[in-house]
Each structure stands twice: as structure tokens, then as C-alpha cells.
Amino acid sequence: MIEPLLRDAGLTRDSAGELLMAGVRLADIARQVGTPAYVYNAEVIRAQYRRLDAAFAGIPHRICYAVKANGNLAVLRILRDLGAGADIVSIGELHRALAAGIAAGNVVFSGVGKTAVDLRAAIGLGVGQINVESLGELERLAAIARELGTRVAVGIRVNPDVTTDTHPYMATGSRADKFGVPLDQVMAAARLAAASPELELKALAMHVGSQIGDVDPYRAGLRRLLELREQLRAHGIGSIDTLDMGGGFGISYRGETPLAPERLAEAIGPLLENTGLTLAVEPGRSLVGSAGVLLTEVVYRKHNGGKEFIIVDAGMNDLLRPSHYEAHHEVVELTARERPTIVADLVGPVCETGDFLALGRALPAVEPGELLAVLGAGAYGFTMASNYNARPLPAEVLVDAGRWGVSRPRQRVEQLFASEEPEPLASASPQRS
Ligand SMILES: *Cc1c(COP(=O)(O)O)cnc(C)c1O
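Rules used in this analysis
Residues numbered from 1 in each chain as written. Predicted model: local features only at pLDDT ≥ 70, side-chain atom pairs only at ≥ 80, totals over all residues. Heavy atoms only, no water. Helix = DSSP H or I, 4+ residues; strand = E, 2+ residues; numbered from the N terminus. Buried < 20%, exposed > 50% of the residue type's maximum accessible area, 1.4 Å probe, protein only. Pairing = 2+ DSSP bridges. Near = heavy atom within 4 Å. Polar contact = N/O pair within 3.5 Å; in protein donor to acceptor, adjacent residues only side chain to side chain. Areas by Shrake-Rupley, 256 points an atom, 1.4 Å probe, with all protein chains shown as cover. Nonpolar A, V, L, I, M, F, W, Y, C, P; charged D, E, K, R; others polar. Salt bridge = Lys/Arg side-chain N within 4 Å of Asp/Glu carboxyl O. Core = buried A, V, L, I, M, F, W, Y, C linked by side-chain atoms within 4.5 Å. Contact = heavy atoms within 4.5 Å. Right-handed = clockwise from strand over helix to strand, strands pointing away. Axes fitted to C-alpha atoms, helices over the stretch in contact; angles between N-to-C directions. Parallel < 35°, antiparallel > 145°, perpendicular 65-115°, else oblique. Left-handed = near helix turned anticlockwise from the far one by under 90°. Phe/Tyr/Trp six-rings, centres within 6.5 Å; stacked < 30°, edge-to-face > 60°.

## Here's the deal with unusual backbone geometry
Part 1 of the argument: Between threonine 35 and the following residue, proline 36, the backbone shows a cis peptide bond with an omega angle of -5°.
Part 2 of the argument: As for its placement among the helices and strands, proline 36 is situated in the loop between helix H2 (26–33) and strand E4 (37–41).
Part 3 of the argument: Located in the positive-phi region is asparagine 389, a residue other than glycine, with phi close to 65°.
Part 4 of the argument: Looking at the element boundaries, asparagine 389 is found in the loop between strand E19 (371–374) and strand E20 (395–400).
Part 5 of the argument: Its identity is not glycine, yet alanine 390 carries a phi of approximately 50°, on the positive side.
Part 6 of the argument: Examined against the element boundaries, alanine 390 turns out to sit in the loop between E19 and E20.
Part 7 of the argument: According to the relative accessible area criterion, alanine 390 is exposed, its value standing at 55%.

Right, here's the structure in full:
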């Protein structure tokens, strides 16, 4: 079961049992940069992008990578070099994309709670398209564009009301979720956009969730978007030239069949034939998830209340997915050797009972000082990391065809509080009564 996951990540073992990523011994990286550390395989990211792009070759399309999955500049640079644009959900992500060399015109700004400050900044920096998620946002965007004297390309993110077979925290496309404009308000939103000379209504968009394994929600959602486009045309709104299908394509964490881009293209291609529409695709996880591992060192073994614990130096602040989504990540030793298997909880050092990487898992009986790799950590790993327990953010490393380099050094402890003021009232002016 583990073999396909290793293959997805570009991992192999040498004759001494050492785990290699693209020919580089991961133990060497761990020794030099320390642990915990994220390591990404550039070739896997390229292969995933190329496979998706090739599968959709028969459909006019553009790919906007969802930066929130992994916003490391080295990762963004790889995708930019392949021609990707970016899907962003904050101004911080916009600056990341720009810093990596992605043109502002190739950026789509998504998100349910963009503030007036966000919208002004995005317009000022020349973002290519803004996908609005409510009538209120549309009105605000029109007012800001008018005030700035510019014209803005907009998409309406529709909530297509489709159900998905994923973790409830990863479902975004059903009626009861906070995302998107409800179907019965899309016409009003489109009329408002069409009546605003400063807005150019270009796209209908959706994003139905994440880690989705089958094509049905995409087909159902796109059908709804096509129907809406027809309704809008019947009302004289004919400016829509793009359907944005979002991302969410599932990968294999424990042997699931990943959503093959070829199957997806086959299922939705016919819907778009002869429509003259361009398809926008916003993959995040599927491009980077399998490409990354989190390296961690075993600190202690202990036996509590009849249970085995393996305590490692990576915690929920470094990789939140197990505790936040009950996510399953396979864990392998960096140096394979003959030894017994134990059933243990793999836990971190954070002071929370919810701080675990795996529960009740059959694992090799590793000893303190040994190194482990958590697989499938390339997406929603580092980007969800925090400084909880005043723990510095881990290092990030890029491996590419036998070479490796640090893209982001481990955060230093001093950086955690460098901007804090221990006596904020010392220089404050007295409060007037
Ligand atoms: C998060 C997100 C994506 C990417 O989702 P993945 O599951 O990582 O592919 C795409 N589009 C939008 C609008 C998003 O919010």
C-alpha cells in the first residue's frame, strides 16, 4: 500500500535502505537543516502540472494554481515557469505570487470576506479577475472601481448546490456552506454587474470542495453554470467568456484512487464543446500534495495507560491536518531496517491532546534519534503552520533532480517576538476622561 505513495512522491530506497527523494538522501537534508522540515520534489510538481495541462489540451483552458495549498516562492516559481497563473484568497498571497514572478493579470482573487482595503489593493496591483461571492461584495467592488476610475473584470462565484463525498470541513459547494452566490441570486448579481460600467462580467465560477475523488460534482456544477449562462444570455447579458471550475482534485493519502485529470477532462469536455467558452482550472492540492514530505525526529518512546507513544519533534503547529481534518498521513522511516512493528500513537510536543500525527497506527519500532518522513505533506502543510507554543516555523527545502537547497530557513526564536513591545503603555498618552 505504501509503494504507490512513495512513487507519487518520487521517493525510492537505496541498497542501504535509505530513503531518497529524486536521488537525494533525505537523512542528509535532515542532518543539515534540522527537523521538523518540509521537503518538496520539484519534478513531481512539474509532472502533475504537465499531466493536467495535457489532459485538458482539447479544451481551451488556463490553470491558476491555488496559492493557499503551498505558497513557498520556490514552488510558485516552478509553476510560473510552466505557465501557471494564480488563484489567491488574500492580499498576502497576491504579494507572494507577484514576488515569484506571476503577472498580476494572471491572478484570480477568490474569497468570501474580501474587505474594501483588499479590493482596493487588488485593483491597484492590477489583478486579472475578482471572483465575488455576494451581492454586497459586488456593490462594494463597483463603488471602489468607480472611485478609482478603473474597469475591473469580475466573475460570480456561484454556489452550485452540489454535494461532495469529502470531509465536512472541505465541502464548499452545497447550499448550507458560506461560499458563493446562491443559485437564486445569480441573476440579480449578474444584472447588477452588467449595469455597472466599471465592471466587466467575464466568468461564472464554482469551487465545490477539496480532496474530491469523482467527476460527478464537477459535471453537475458545470451543467448548472452553463444553464445560468443561457439564462443570462436570454436576458441580454452575453459577456461571459469563461467558466471557472475551481479545484479540489483528490490525491492519494492512504491508497485512494486520485482523481485522474484525464477522466475529468473526458467528463466535462463534451459540455464545453462549441460553447466558445474558456475553462479556468484552480488546482492546489493535486499539484503539490504528493510532492512534499515532513521530516521529523523521534524524541522519546513511552508507554502510558496501556498505550505506546512515539513522541516526535513535529507537532500540530507544523502539520495541522491530522487534528483539524482527521486526515490520514502515511509515515515511513528514513532508514529502513529489520525490526518489529508496534501499534502506537505518533504525537508531537505541543501541549494539546489533539496534537497528533497518527493514532493507533502500525509503525516500525523506531528509537529516539531516528528520523521519519510524513508523506503527502506538500499541500496545506506549511501554509497552515503556526507559532503555537512559541514554536518557530519549520524549514522548507526544494529538491530538484539530485540537488537540493533551502527555500525558507527555519524561523529563529528571536523572530517570534522581535516586533512586540513589553510595555506598550510606557509611551502612551494619558486617556482623557
Ligand atoms: C482552495 C481553493 C482551490 C484549491 O483547492 P484544492 O483542493 O487545493 O485543489 C481552488 N479554488 C478556490 C476558490 C479555493 O478556495
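## Some details on the sheet that holds strand E3 (residues 24–25)
Part 1 of the argument: Taken in spatial order, the 3 strands line up as E1-E2-E3 in an open sheet, and their pairing is antiparallel. Edge positions in the open sheet fall to strand E1 (11–13) and E3, since each of these has one partner strand only.
Part 2 of the argument: Pairing geometry for strand E2 (residues 19–21) and E3, over 2 bridges, is antiparallel. If you follow methionine 21 over to E3, its bridge partner there is valine 24.

## Description of the site of the ligand
Part 1 of the argument: Lining the immediate surroundings of the ligand are 14 residues, of which Lys68, Ser210, Gly248, Glu282 and Tyr380 lie closest.
Part 2 of the argument: Glycine 284 places a polar main-chain atom, nitrogen or oxygen, 2.9 Å from an oxygen atom of the ligand.
Part 3 of the argument: A distance of 2.5 Å is found between an oxygen atom of the ligand and a side-chain nitrogen or oxygen belonging to tyrosine 380.
Part 4 of the argument: In the complex, the protein chains occlude 95% of the 390 Å² of accessible area that the ligand would expose alone.
Part 5 of the argument: Per-class residue counts for the shell around the ligand are 3 nonpolar, 6 polar and 5 charged.

## Notes on the pattern of salt bridges
Part 1 of the argument: If you walk through the whole model with that rule in mind, you get 23 salt bridges.
Part 2 of the argument: A salt bridge links arginine 233 to glutamate 230, with the nearest nitrogen and oxygen atoms 3.5 Å apart. Residue arginine 233 and its partner glutamate 230 are located together in helix H9 (residues 216–234), separated by 3 residues, close to a single helical turn.
Part 3 of the argument: Its relative accessible area of 41% is what places glutamate 230 among the partly exposed residues.

## As for the nonpolar core
Part 1 of the argument: In this structure, Phe56, Ile130, Leu204, Tyr218 and Met245 are the most contacted members of the largest nonpolar core, which totals 106 residues.
Part 2 of the argument: Residues contacting methionine 245, with those up to four places away along its chain left out, are Phe56, Met206, Tyr218, Leu222, Leu264, Ile268, Leu279, Ala280 and Val281.
Part 3 of the argument: Membership of the second largest hydrophobic core comes to 24 residues, among which are Leu26, Val33, Ala373 and Leu375.

## Remarks on the pairing of strand E11 (residues 199–205)
Part 1 of the argument: For E11, the tally of buried residues reaches 5 of 7 residues, placing the bulk of the element in the interior.
Part 2 of the argument: Taken together, the 6 bridges between strand E9 (residues 152–159) and E11 define a ladder with parallel strand orientation. By the bridge assignment for E11, arginine 157 is matched with alanine 205.
Part 3 of the argument: Following the backbone out of E11, through H9 and into the adjacent parallel strand E12 (residues 242–244), one traces a crossover that is right-handed.

## Description of the environment of histidine 167
Part 1 of the argument: If you trace the backbone, histidine 167 turns up in the loop between E9 and strand E10 (181–182).
Part 2 of the argument: With 47 residues separating them along the chain, histidine 167 and arginine 120 place their C-alpha atoms 34 Å apart.
Part 3 of the argument: Setting aside chain neighbours within four positions, we find histidine 167 in contact with His324, Tyr325 and Glu326.
Part 4 of the argument: In this structure the side chain of histidine 167 is engaged in a polar contact, spanning 3.4 Å, whose partner is the backbone oxygen of tyrosine 325.
Part 5 of the argument: For histidine 167, the side chain forms a polar contact with the side chain of glutamate 326, separated by 3.1 Å.

## Describing the packing of helix H3 (residues 42–55) against helix H10 (residues 261–272)
Part 1 of the argument: At a minimum axis distance of 8 Å, the contact between H3 and H10 shows a crossing angle of 25°. Considering the angle they form, H3 stands roughly parallel to H10. Where H3 crosses over H10, the handedness of that crossing is right-handed. Contact with H3, carried on its side by Arg51, Leu52 and Ala55, involves Pro261, Glu262 and Ala265 of H10 and no other residues of that element.
Part 2 of the argument: Residue classes in the contact of H3 with H10 are distributed as 4 nonpolar, no polar and 2 charged.

## Brief notes about the packing of aromatic side chains
Part 1 of the argument: Tallied over the full model, the rule gives 3 aromatic pairs.
Part 2 of the argument: Considering the side-chain rings of tyrosine 38 and tyrosine 40, the 6.3 Å spacing of their centres and the 25° angle between planes classify their relative orientation as stacked. As far as burial versus exposure is concerned, tyrosine 38 and tyrosine 40 are alike and both buried.
Part 3 of the argument: Three or more aromatic residues joined by ring pairs form one cluster here, namely Tyr38, Tyr40 and Phe382.

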